[in-house]
Amino acid sequence: MHVFTRSGVERTSQKFHSTDTSTVKKNKQNKTATPIPSRSHNRRPLPPIRPPSPALPPPQPPLPPILRSRLASPPSASASLPPLAVFRLSPPSRPPHFPTSTAAAPIHHPAASIHHSCARSAGRASTFPSKATRLLHWWPPPNPVAATSGSRPCRQEGFVRSLMEVCAARAPGKIILAGEHAVVHGSAAVAAAIDLYTRCSLCLMPLADDKAAATLELDLKDPGLTFSWPCGRLREVLLTDEAAGAREARPCSPDRLASIARLLEEHEIPEAKIWLSAGLSAFLFLYTSILGCRPGKVTVSSDLPMGSGLGSSAAFCVSMSGVLLTAAGVVTAVGGISGEGMGWELVGKDDLELVNRWAFQGEKIIHGKPSGIDNAVSTFGSMIKFKKGELTNLKSSNPVKMLITDTRVGRNTKALVAGVSERASRHSDAMASVFNAVNSISEEVSSIVELAANDEIAITSKEEKLAELMEMNQGLLQCMGVSHSSIETVLRTTLKFNLVSKLTGAGGGGCVLTLIPTMLSNLVLEKVIAELESHSFRCFKVEVGGQGLQVCQGGCSYFNGDVV
Ligand SMILES: Nc1ncnc2c1ncn2[C@@H]1O[C@H](COP(=O)(O)OP(=O)(O)O)[C@@H](O)[C@H]1O
Ligand SMILES: C[C@@](O)(CCOP(=O)(O)O)CC(=O)O
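Counting restarts for each chain, with residues numbered from 1 along the sequence as it is written. Here the convention is simple: chains get letters from A, ligands get numbers from 1, in the order in which they are written. Residue-level local features of this predicted model are given only where pLDDT is at least 70; pairs of side-chain atoms are given and counted only at 80 or more, and the full residue set underlies all totals for whole chains, interfaces and linings. Only hydrogens and water are set aside; all other atoms, that is, all heavy atoms of the structure, feed into the side-chain values.

Some remarks on the pattern of salt bridges
Part 1 of the reasoning: The term salt bridge refers to a pairing of a side-chain nitrogen on Lys or Arg with a carboxyl oxygen on Asp or Glu at a separation within 4 Å. Counted according to the given criterion, the structure contains twelve salt bridges.
Part 2 of the reasoning: Measuring nitrogen to oxygen at the nearest pair gives 3.2 Å for the salt bridge that ties Asp303 to Arg199. In this pair, Asp303 sits in the loop between strand S9 (296-302) and helix H7 (312-327) while Arg199 sits in strand S6 (residues 189-204), placing the two residues 104 residues apart along the sequence.
Part 3 of the reasoning: The classification of residues rests on relative accessible area computed with a 1.4 Å probe and restricted to protein chains. Under 20% of the type maximum is buried, over 50% is exposed, and intermediate values are partly exposed. The class of Asp303 is buried, set by a relative accessible area of 1%.
Part 4 of the reasoning: Asp219 is the salt-bridge partner of Lys297, the closest N and O atoms lying 3.8 Å from each other. Taken as a pair, Lys297 in strand S9 and Asp219 in strand S7 (residues 215-220) lie far apart in primary sequence, 78 residues in all. Taken individually, Lys297 and Asp219 each receive the classification buried, so the pair is uniform in this respect.
Part 5 of the reasoning: Each member of the salt-bridge network shares a partner with another, and the members are Glu217, Asp219, Lys221 and Lys297. In this text, helices come from DSSP runs of H or I with a minimum length of four residues, and strands from runs of E with a minimum of two, each type numbered from the N-terminal end.

Shown next as structure tokens:
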């Protein structure tokens with residue numbers, strides 16, 4: 001067992017500003033729920049589940065291509081062996097996947113611009129020159145320090161080569177086995193990284209002679225939107241030019257958040273995509289805090305469904321912090337990942353701690369009051385126990401198979417977390433007991449996953465204990481008011497096959513985990529998946545417990561589209 005030190009987790013909550021409209025919108029789903037059948041015959045049915053209180057369900061974006069390939073039953077596939085989530089504590093062997101670029105139609109605004117694109121359609125002509133053209137165009141580098149720094153980015157803090165510079169980072173999503181929500185209130189939780197990633201690439205532009213023409217551009221491949229801000233406008237509104245030092249992660253002050261909100265208001269984000277504004281605020285905060293208002297282009301693409309409980313916001317903040325800190329020269333790669341051969345490199349522990357602290361500041365903008373577990377597991381990878389900011393690395397001795405079902409019901413983590421806190425303030429004693437019970441469950445789960453089971457009987461007994469704990473945790477999540485009729489449908493469906501499920505992440509829709517016993521036949525599993533999919537849910541596989549943040553410093557020639 002390996003223990004990391006406290007990872008940049010502050011427990012102060014932060015007031016969110018007006019650009020996140022999640023609080024002004026009502027959950028129109030009005031889903032009603034029915035009690036789930038009991039596993040044991042003489043157990044009383046559970047009480048009906050209320051739909052989660054103030055969650056804003058963002059429209060579900062199209063399924064990322066990598067997930068399409070992980071679907072248990074791809075649309076055209078015949079009944080083949082259904083893939084599962086498998087806890088495997090080795091780095092995933094699958095090469096990174098990069099979605100294709102998109103076509104864009106700009107909408108102009110005097111100060112800022114936004115381009116809408118049809119995500120995942122083919123073939124946008126890149127606005128960036130090829131590597132060869134860039135070298136011709138910008139060589140020799142105008143800065144003498146850059147000229148002597150070789151082909152690698154300069155490693156001096158606070159200094160970024162003025163040559164057009166490219167680097168990239170990727171960070172994984174996560175599942176939570178036990179303890180979501182309660183972890184925000186100080187209980188332990190157990191989570192593991194999954195091999196679905198968010199990738200950020202950064203192309204730093206030369207500091208143009210014509211400062212008026214310099215822009216900061218953000219290309220979000222998943223929603224299919226490109227945003228751009230003139231650097232002059234950023235300086236004017238944020239009253240800053242230089243980054244104030246990337247080595248210390250600072251919180252976003254209410255004044256700065258209000259300034260960022262003004263910058264976003266100039267964009268007229270489409271109503272249907274307004275849920276993006278929290279991520280945009282986090283981006284502007286992280287970029288301008290770490291690199292100042294210098295011109296650049298950031299491209300983000302992700303395998304993760306957004307707002308489904310798989311930690312897309314944390315993966316966004318971790319990969320963003322990773323790429324910005326790498327460009328700032330304060331985070332350095334320490335070596336390649338065996339077997340991958342794609343240029344992704346690992347990052348040392350101290351650098352990871354710094355990335356984690358910055359990412360946590362970004363998460364606070366998106367979530368309001370995150371526990372820090374999502375950014376921690378996305379940064380450090382593996383399977384972890386997390387309690388009050390302290391992270392313990394868990395070594396899973398046997399593979400544990402989980403089926404992930406995405407209910408495709410969109411929801412908003414910030415609203416759900418706030419709803420649980422409100423319930424906790426209304427019923428403080430009762431909720432303290434709930435959180436305490438979840439803490440015991442997480443502690444027990446973390447011990448059980450580390451137990452070595454050497455024969456079928458021991459494996460079955462271990463899995464039964466895990467299943468029982470998951471079932472108890474789900475019951476307590478229902479007490480917190482974060483289940484949903486779609487989640488209850490998954491529970492009912494899997495229970496028919498004597499399988500146990502629990503929601504993962506914030507709940508209110510999103511994803512559900514189902515424990516698949518080692519001895520379960522593939523035939524039964526196929527039936528479970530078929531029945532889940534008959535409700536229009538998506539079932540897919542992931543590998544669990546892999547690497548956290550990885551970076552690529554310069555020469556990211558494989559990075560699709562804009563950065564070659
Ligand atoms: N790839 C991405 N591109 C743009 N924004 C993203 C991306 N991934 C996450 N986000 C931001 O994070 C939000 C989702 O966070 P959240 O509601 O916590 O769900 P999740 O469970 O997926 O973390 C989105 O609304 C968006 O603001
Ligand atoms: C509900 C919570 O425990 C996990 C949220 O996960 P997600 O954003 O739904 O992936 C919140 C937190 O720990 O910050």
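Here the narrative resumes.
Digging into empty space enclosed by the protein
Part 1 of the reasoning: The definitions used throughout rest on a 1 Å grid laid over the protein atoms alone, on which a cavity is an enclosed set of points accommodating a 1.4 Å probe that cannot get out and a pocket is an open set flanked by protein within 12 Å on both sides along at least five of seven lines; lining residues are those having an atom within 4 Å of a point. Grid points are joined across faces, edges and corners, and a volume is the space filled by probe spheres set on the points. Per the stated rule, a full pass over the model turns up five cavities of 30 Å³ or more.
Part 2 of the reasoning: Empty space within the largest cavity amounts to approximately 770 Å³.
Part 3 of the reasoning: Ser312, Ser313, Ile366, His367 and Thr413 are the residues nearest the centre of the largest cavity, which is lined by 47 residues in total.
Part 4 of the reasoning: For the lining of the largest cavity, the elements supplying multiple residues, two or more each, are strand S5 (165-178), S7, helix H6 (277-291), S9, H7, helix H8 (349-367), helix H9 (373-380) and helix H10 (413-426).
Part 5 of the reasoning: The element contributing the most residues to the lining of the largest cavity is H6, with four residues.

Brief notes about the site of ligand 1
Part 1 of the reasoning: It suffices for a single heavy atom of a residue to lie within 4 Å of a molecule or strand for the residue to be listed as near it. Around ligand 1 there are 19 residues in total, and Gly307, Gly309, Ser312, His367 and Thr413 lie nearest to it.
Part 2 of the reasoning: At 3.1 Å from an oxygen atom of ligand 1 is found a main-chain nitrogen or oxygen belonging to Gly279.
Part 3 of the reasoning: Any pair of nitrogen or oxygen atoms within 3.5 Å is treated as a polar contact; in protein, a donor-acceptor pairing is required on top of that, and neighbouring residues in sequence qualify only through side-chain atoms on both sides. Taking His367, its side chain carries an N or O atom lying 2.6 Å from an oxygen atom of ligand 1.
Part 4 of the reasoning: For every accessible area listed, the method is Shrake-Rupley and the probe measures 1.4 Å; residues are considered covered only by the protein chains on display. In isolation ligand 1 exposes 570 Å². Once the protein is present, 96% of that is buried.
Part 5 of the reasoning: Assignment of a molecule to a cavity or pocket requires that more than half of its atoms lie within 2 Å of the corresponding grid points. More than half of the atoms belonging to ligand 1 lie within 2 Å of the grid points that define the largest cavity.

Comments concerning the nonpolar core
Part 1 of the reasoning: The term nonpolar core refers to a set of buried residues drawn from Ala, Val, Leu, Ile, Met, Phe, Trp, Tyr and Cys, joined through side-chain atoms within 4.5 Å. Among the nonpolar cores identified, the biggest contains 76 residues, and Leu218, Trp229, Phe283 and Met320 are the most heavily contacted of them.
Part 2 of the reasoning: Per-element accounting of this core gives the leading share, ten residues, to H6.
Part 3 of the reasoning: The criterion used for residue contact is that any of the two residues' heavy atoms lie within 4.5 Å. In this structure, Met320 is in contact with Cys200, Leu218, Phe283, Leu286, Val298 and Val300, ignoring residues within four places of it in sequence.
Part 4 of the reasoning: Membership of the second largest hydrophobic core comes to 59 residues, among which are Met402, Ile404, Met470 and Val482.

Focus on the site of ligand 2
Part 1 of the reasoning: The full set close to ligand 2 counts 19 residues, and Lys174, His181, Ser371, Arg411 and Ala506 are the nearest of them.
Part 2 of the reasoning: Here Asp374 contributes a side-chain N or O atom positioned 3.1 Å from an oxygen atom of ligand 2.
Part 3 of the reasoning: The contact in question runs from an oxygen atom of ligand 2 to an N or O atom on the side chain of Thr413, over 3.0 Å.
Part 4 of the reasoning: When the free accessible area of ligand 2 is taken as 380 Å², the share hidden by the protein chains comes to 98%.
Part 5 of the reasoning: Taken atom by atom, the bulk of ligand 2 overlaps the largest cavity.
Part 6 of the reasoning: Elements supplying a minimum of two residues to the shell around ligand 2: S5, H9 and H10.

Quick word on unusual backbone geometry
Part 1 of the reasoning: With a phi close to 45 degrees, Lys388 is a non-glycine residue in the positive phi region.
Part 2 of the reasoning: As for its position among the elements, Lys388 is in the loop between strand S12 (383-387) and strand S13 (390-394).
Part 3 of the reasoning: For Ser536, which is not glycine, the phi torsion reads 70 degrees and is therefore positive.

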